[in-house]
Amino acid sequence: MKQLLNGTFKGTIRVPGDKSITHRALMLGALSQGTTNIYRPLISADTLRTFENMRQLGAEITREGDDFKVISNGHDSLTSPEQTLYTGNSGTTTRLITGLLAGLKNITASVEGDATIAKRPMDRVVIPLSDMGADISLKNDKYPPVNIYPAVLKPLEYDMPIASAQVKSAILFAGLFTDGETIVHETHQSRNHSEIMMAQFGADISVSGTTVKLNGGSKLSAADVTVPGDISSAAFLIVLGLIIEGADITIENISLNETRAGIIDVVKEMGGSITITEHDSTGEKFGDIRVEYTPDLKPFHIDGDIIPRLIDEIPILAVLAVFASGASTVRGSEELRFKETDRITAVIAELEKFGVSFEEYDDGFKVSPGHSTIKQDQLFKGYHDHRIIMMLIVMAIAVNTNIEIDDSSAIDVSFPSFVSDLEGLRKDR
Ligand code: S3P
């Protein structure tokens, strides 16, 4: 990482495609009749799990240069996989595919991921799916492997106990082919990519406030999907641009979907220099984001409705808080404890190694500005969590220190080109 220090970051860049949208496009392509072209998808460890899993179910999926092509004869043509569906590090694949398979009547399948997935709760999706009539077993009634057996599902009206797009989407996938109306009520609106894309593929779905209604039974037909850049990946460059002296970064074609764009609101409230140029689009909103170094950032306080809109950005927002003019707080984000790792514990443990001081809460933390120099031979932990690793790299650059991380390979989950993209933007000051 030495080559990234002692400079600034300037220029225009595109980050990889949106992870959530890519997973959904592959799944809906497999369930729909016809050819689905997915332009500029995220091609990463996580999305390649969904790619492979949908192939195992019988969809014909190919990589065409930077794009994916899915050819399917519709949901009825999918069959039980011969082998376990391996989902790697991907919680989204594991949870959404459980709902999708539950809805497919005649399928028997086993779903299993890596060591991080083995510790992630699946009962949050299996409880509502069982209410729909699904026959699913879990390890200790909570964890993968997930075994799914044939069952005929009925629609469900469900009050979500937590704001989770994965749970909402699993229920909606299961509801697609039931006879009747599935209704999901959310506490706070979570990302709505499933709702937008299901409508695009021909599902009868509507949204009013925090309630989603889906009438099952529509015949889904293939549709092309152009995947915008992932704002959760852009977030690392947004923060870098705000805190490195002289930085001026434009990130092109980023998803500006309101349910994902909470970080933009936070940066504006902090007084950060951020300019958004929206492009015309009929589906997901997207545009360019320009950030420039801002020396006098105000602290932020986030809680409630905004949390699902920036849940994956909280680790990197902790770094931004270190460079604000006062203490910042994150509350209402207990869901961080159920991500690839417990991100509240991981953020605090790793940033404390930089001398940052925190107060920990069950549902978040308070972070004070300022840091000190790291101890010699300090080893940093990545927890097999892409967002913790990229957070550490941005923090190290910001404090101009070379660090050693035990294992950085998980970056491949969402942003394989992260380090080379940073190298491309680096300029001498
Ligand atoms: C995702 C939903 C979120 C998010 C994850 C991707 C999705 O998880 O953290 O990275 O694509 O639906 P939860 O549904 O657990 O909040």
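Structure: above.
The shown structure was predicted, so the numbers you read here are calculated from the model rather than taken from an experiment.

Engineer: What should I look at first to understand the overall build of the protein in this one?
Structural biologist: Assigned secondary structure in the protein consists of 13 helices and 23 strands. For 429 residues, the compact-globule formula gives about 22 Å, and the C-alpha radius of gyration of the protein, at 21 Å, lands near that figure. By residue count, 59% of the 429 residues in the protein fall in the buried class. For the protein, the accessible area works out to roughly 16100 Å², and carbon and sulfur atoms hold 44% of it. In the protein, 40 side chains carry a positive charge and 59 a negative one; their mean positions are 2 Å apart.

Engineer: Explain the sheet that holds strand β3 (residues 60-64) here, please?
Structural biologist: Sheet strands pair by backbone hydrogen bonding; their relative direction is either parallel or antiparallel. Pairing within the open sheet is mixed, and its four strands lie in the order β3-β4-β2-β13. Each of the sheet's edge strands pairs with one partner strand only, and the pair in question is β3 and β13 (225-226). Where strand β2 (residues 33-39) meets β13, two bridges bridge the pair, whose relative direction is parallel. The residue bridging isoleucine 38 from the neighbouring strand is valine 225, located in β13.

Engineer: Would you mind going over the sheet that holds strand β9 (residues 157-159) with me for this structure?
Structural biologist: What the four strands build is an open sheet, ordered β9-β10-β12-β11; its pairing is mixed. Sheet topology places β9 and β11 (204-208) at the edges, where each strand pairs with a single neighbour. On average, each strand axis in the sheet is tilted by 10 degrees relative to the strand beside it, whichever way the strands run. As paired elements, strand β10 (residues 181-185) and strand β12 (residues 211-215) share five bridges and run antiparallel to each other. Within β12, the position partnered with histidine 185 by the bridge is threonine 211. Strand contacts of helix α5 (residues 165-175): β9, β10, β11 and β12, with the helix running at about 175 degrees to β10, the strand carrying the most contacts.

Engineer: Is there a simple way to explain the environment of serine 194 in this structure?
Structural biologist: Mapping serine 194 onto the fold places it in helix α6 (residues 193-200). Along the sequence, serine 194 and serine 20 sit 174 residues apart, while their C-alpha atoms lie 8.8 Å from each other. The contact partners of serine 194, leaving out residues within four places of it in the chain, are Arg24, Ser169, Leu172 and Phe173. There is a polar contact of 2.8 Å between the side chain of serine 194 and the side chain of arginine 24. A distance of 2.7 Å separates a polar atom in the side chain of serine 194 from a polar atom in the side chain of serine 169.

Engineer: It is not clear to me how the packing of helix α1 (residues 19-31) against α5 should be interpreted in this structure. Could you clarify?
Structural biologist: Geometrically, a packed helix pair is captured by the angle between its two axes and the distance between the axes. Two elements in contact, α1 and α5, have axes whose closest approach is 13 Å; the angle formed by their N-to-C orientations is 5 degrees. In terms of axis orientation, α1 runs roughly parallel to α5. Residues Arg24, Met27, Leu28 and Leu31 of α1 form the contact with α5, whose participating residues are Ala165, Ser169 and Phe173. For the contact of α1 with α5, the residue count by class is five nonpolar, one polar and one charged.

Engineer: What exactly am I supposed to notice about the site of the ligand here?
Structural biologist: Near the ligand the following residues occur: Ser20, Arg24, Thr92, Arg95, Ala163, Ser164, Ala165, Gln166, Arg191, Ile311, Asp312 and Lys339. Serine 164 has a polar side-chain atom sitting 2.7 Å from an oxygen atom of the ligand. One nitrogen or oxygen atom from the side chain of aspartate 312 is found 2.6 Å from an oxygen atom belonging to the ligand. For the ligand, the protein covers 94% of the area, taking 380 Å² as the surface of the free molecule. Those elements giving two or more residues to the shell around the ligand turn out to be α1, α3 (91-102) and α5. Looking at the shell around the ligand residue by residue, the classes come out as three nonpolar, four polar and five charged.

Engineer: How do you make sense of a negative patch on the surface when you look at a structure like this?
Structural biologist: A cluster of acidic residues, Glu157, Asp159, Glu181 and Asp204, forms a negative patch on the protein surface. By the element assignment, aspartate 204 lies in strand β11. Given a relative accessible area of 41%, aspartate 204 falls into the partly exposed group.

What counts, and where the lines are drawn
- Here, residues in each chain are numbered from 1, in the same order as that chain's written sequence.
- Totals for whole chains, interfaces and linings use every residue, but because this is a predicted model, local features are given only for residues with pLDDT of at least 70 and side-chain atom pairs only at 80 or more, for both listing and counting.
- Just so you know, side-chain values use all the structure's heavy atoms and leave hydrogens and water out.
- In this text, helices come from DSSP runs of H or I with a minimum length of four residues, and strands from runs of E with a minimum of two, each type numbered from the N-terminal end.
- The size measure is the radius of gyration over C-alpha atoms, and the globule rule it meets is 2.2 Å times the number of residues to the 0.38 power.
- Any residue under 20% of the maximum accessible area for its type is buried, any over 50% is exposed, and the rest in between are partly exposed; the area is computed with a 1.4 Å probe on protein chains only.
- Accessible surface is estimated by sampling points in the Shrake-Rupley manner with a 1.4 Å probe; for residues, cover comes only from the protein chains shown.
- Charge counting follows a simple rule: Lys and Arg are positive, Asp and Glu are negative, and His as well as the terminal groups are ignored.
- A charged residue contributes its charge at one atom only: NZ of Lys, CZ of Arg, CG of Asp or CD of Glu.
- Note on pairing: DSSP must find at least two bridges between two strands before they are called paired.
- Axes here refer to lines fitted to C-alpha atoms; in helices the fit is confined to the stretch in contact. Angles between the N-to-C directions go from 0 to 180 degrees.
- Every residue pair with non-hydrogen atoms within 4.5 Å of one another is taken to be in contact.
- We call two N or O atoms a polar contact when they sit within 3.5 Å, provided that within protein one can donate a hydrogen and the other can accept it, with sequence-adjacent residues counted only if both atoms are side-chain atoms.
- Throughout this description, any angle smaller than 35 degrees is read as roughly parallel, any larger than 145 degrees as roughly antiparallel, any in the 65 to 115 degree range as roughly perpendicular, and the remainder as oblique.
- Asp, Glu, Lys and Arg are counted as charged, while Ala, Val, Leu, Ile, Met, Phe, Trp, Tyr, Cys and Pro are counted as nonpolar; the rest, among them Gly, fall into the polar class.
- Here a residue is considered near a molecule or strand provided that any single heavy atom belonging to it is located within 4 Å of it.
- Within this analysis, patches are made of residues with over 30% relative accessible area and no salt bridge. Like charges are joined at 9 Å or less; nonpolar side chains (Val, Leu, Ile, Met, Phe, Trp, Tyr) at 5 Å or less.
- Criterion for a salt bridge: a side-chain nitrogen of Lys or Arg within 4 Å of a carboxyl oxygen of Asp or Glu.

By themselves, these observations are geometric and do not establish any function.
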